[in-house]
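Summary of the model geometry
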Amino acid sequence: EIPHAYVSRSTGEIFLGKPSGQTEAGDDPLVLREFLPIYYFDGMKPAEVIQALRTYPGTIMSMIEGLSEEQLNRAPAEGEWSVRELLWHFAMAQKVLEDRVEQMLTADNVTLKGLAVWSIKSEGLSTEQIFDLYRASRESVLDMLGSVAPGDWWRTAWHDEFGQITLLQQTCYFARHERSHLAQLVSTIEAVNPPT
């Protein structure tokens with residue numbers, strides 16, 4: 001619901017929502033710079049986003065290595081996610097990314113539905129099975145993105161919550177989303193496996 005912010009490069013004025021043509025900045029796209037309200041969409045180079053997506057599974061695996069299933073399933077406090085639940089969230093977000101990348105590469109200007117990924121319940125899988133699901137889906141996405149022609153990074157879709165987005169923005173969104181949870185994963189691991 002937050003409007004996009006715009007900054008005039010000629011006057012320095014800041015607008016919430018696109019300014020009308022009656023202002024000095026007007027609606028001239030050469031003067032205005034748009035800032036999306038969700039920083040996850042901030043641009044990265046395709047090679048950077050691919051590298052991030054390629055790196056995170058190994059990073060996460062090294063963080064959880066050696067934890068017992070009991071530790072992986074223990075929440076630090078009531079109402080907080082366990083490591084296993086965080087991994088399930090990663091896996092479900094990853095499946096959404098896989099589906100969207102495939103849609104955006106095979107059809108023009110598809111419509112994407114906003115999803116409450118955090119509300120998807122796990123299916124009784126072990127932590128190892130969840131991680132395998134996450135990693136397999138990530139490899140599928142990396143295979144698709146590895147063969148994307150340069151111009152196809154700007155293929156568009158219409159997201160019912162965020163409006164028009166590009167393939168590059170969508171992949172940036174999921175890479176930044178995953179990165180945003182890593183500190184939570186660290187603190188959860190420290191709570192169930194305090195350093196000695």
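The coordinates are above.
First, a word on scope: everything that follows refers to the structure included in this document. (Residues numbered from 1 in each chain as written. Predicted model: local features only at pLDDT ≥ 70, side-chain atom pairs only at ≥ 80, totals over all residues. Heavy atoms only, no water.)

Here's the deal with the pattern of salt bridges
Worth spelling out the cut-off: Every case where a carboxyl oxygen of Asp or Glu lies within 4 Å of a side-chain nitrogen of Lys or Arg is listed as a salt bridge. Each residue is placed in one exposure class: buried if its accessible area under a 1.4 Å probe, protein chains only, is under 20% of its type's maximum, exposed if it is over 50%, and partly exposed if it falls in between. Where helices and strands are cited, they refer to DSSP runs of H or I of at least four residues and of E of at least two residues respectively, numbered from the N terminus.
Counted according to the given criterion, the structure contains 5 salt bridges. A salt bridge links R74 to E70; the nearest nitrogen and oxygen atoms lie 2.7 Å apart. Residue R74 is classed as partly exposed on the basis of its relative accessible area, which comes to 32%. A residue is classified by how much of its surface remains accessible, and E70, at 47% relative accessible area, is partly exposed. Here R135 ties to D132 by a salt bridge, and the two come within 3.1 Å at their closest N and O atoms. Taken together, the residues span about one helical turn, with R135 and D132 both in helix 4 (residues 127-146) at a distance of 3 residues.

Looking at the sheet that holds strand 5 (residues 156-159)
Whether parallel or antiparallel, the strands of a sheet pair through hydrogen bonds between backbone atoms. Rules: Following DSSP output, two strands are said to pair if at least two bridges run between them. A fitted line through C-alpha atoms represents every axis, and for helices the fit uses only the stretch in contact; the resulting angles, taken between N-to-C directions, go from 0 to 180 degrees. Working rule for contacts: check all heavy atoms of both residues, and any pair within 4.5 Å makes them a contact.
With respect to topology, 3 strands assemble into an open sheet ordered 4-5-6, the strand pairing being mixed. Both outer strands of the open sheet, strand 4 (110-112) and strand 6 (163-166), are each paired with one neighbouring strand and no more. Neighbouring strand axes in the sheet, compared pairwise and without regard to direction, differ in orientation by 35° on average. Two elements, strand 4 and strand 5, share 3 bridges in a ladder whose sense is parallel. Of the residues in strand 5, the one forming a bridge with V110 is A157. Helix-sheet contacts for helix 3 (residues 83-106) involve strand 4, strand 5 and strand 6, and the interaxial angle to strand 4 is about 160°. In the packing of helix 5 (residues 167-192) onto the sheet, the strands contacted are strand 4 and strand 6, and the crossing angle to strand 6 comes to about 85°.

As for empty space enclosed by the protein
As a reminder, the rule being used: For cavity detection a 1 Å grid was placed over the protein atoms alone, and a set of points counts as a cavity when a 1.4 Å probe fits there but cannot get out; an open set counts as a pocket when protein lies on both sides within 12 Å along at least five of seven lines, with lining residues being those that have an atom within 4 Å of a point. Grid points are joined across faces, edges and corners, and a volume is the space filled by probe spheres set on the points. When residues are grouped by polarity, Ala, Val, Leu, Ile, Met, Phe, Trp, Tyr, Cys and Pro land in nonpolar, Asp, Glu, Lys and Arg in charged, and all others, Gly among them, in polar.
Across all of its chains, the model carries 1 cavity of 30 Å³ or more by this definition. Each pocket or cavity is described by its volume, and for the largest cavity that value is around 40 Å³. Lining the largest cavity we find F90, A93, Q94, R138, F174, H177 and E178. Listed by contribution, the elements that provide at least two residues to the lining of the largest cavity are helix 3 and helix 5. For the lining of the largest cavity, the residue count by class is 3 nonpolar, 2 polar and 2 charged.

Thoughts on the side chain of R100
Note the cut-off: Asp and Glu count as negative and Lys and Arg as positive, but His and the ends of the chain are not part of the count. N or O atoms within 3.5 Å of each other form a polar contact, as long as, within protein, one can give a hydrogen and the other can take it, and as long as residues adjacent in sequence are counted only when both atoms are side-chain atoms.
Mapped onto the elements, R100 comes out in helix 3. Buried charge without a salt bridge: R100, with D99 as the nearest opposite-charge side chain at an N-O distance of 5.8 Å. Within the structure, R100 has its side chain in polar contact with the side chain of Q170 (distance 3.2 Å). Apart from residues no more than four positions distant in its own chain, R100 is found in contact with L112, K113, G114, L115, H159, Q170 and F174.

Section: the packing of aromatic side chains
The criterion, for reference: The pairing test for Phe, Tyr and Trp rings, Trp by its six-membered ring, is centres within 6.5 Å, and the orientation test on the planes gives stacked under 30 degrees, edge-to-face over 60, and tilted for anything in between.
In total, this model carries 4 aromatic pairs according to the counting rule given. Here F131 and Y134 contribute two aromatic rings whose centre-to-centre distance is 5.6 Å and whose plane-to-plane angle is 55°, an arrangement assigned as tilted. Taken together, the residues F131 and Y134, both in helix 4 and 3 residues apart, mark about one turn of the helix. For the pair shown, F131 and Y134 are each scored as buried. Measuring from centroid to centroid gives 5.9 Å for F162 and Y173, while their planes differ by 45°, and the two rings are tilted. Taken as a pair, F162 in the loop between strand 5 and strand 6 and Y173 in helix 5 lie far apart in primary sequence, 11 residues in all. Taking relative accessible area as the criterion, F162 reaches 21% and is therefore assigned partly exposed. Taken together through their ring pairs, the aromatic side chains of F90, F131 and Y134 make up a single cluster.

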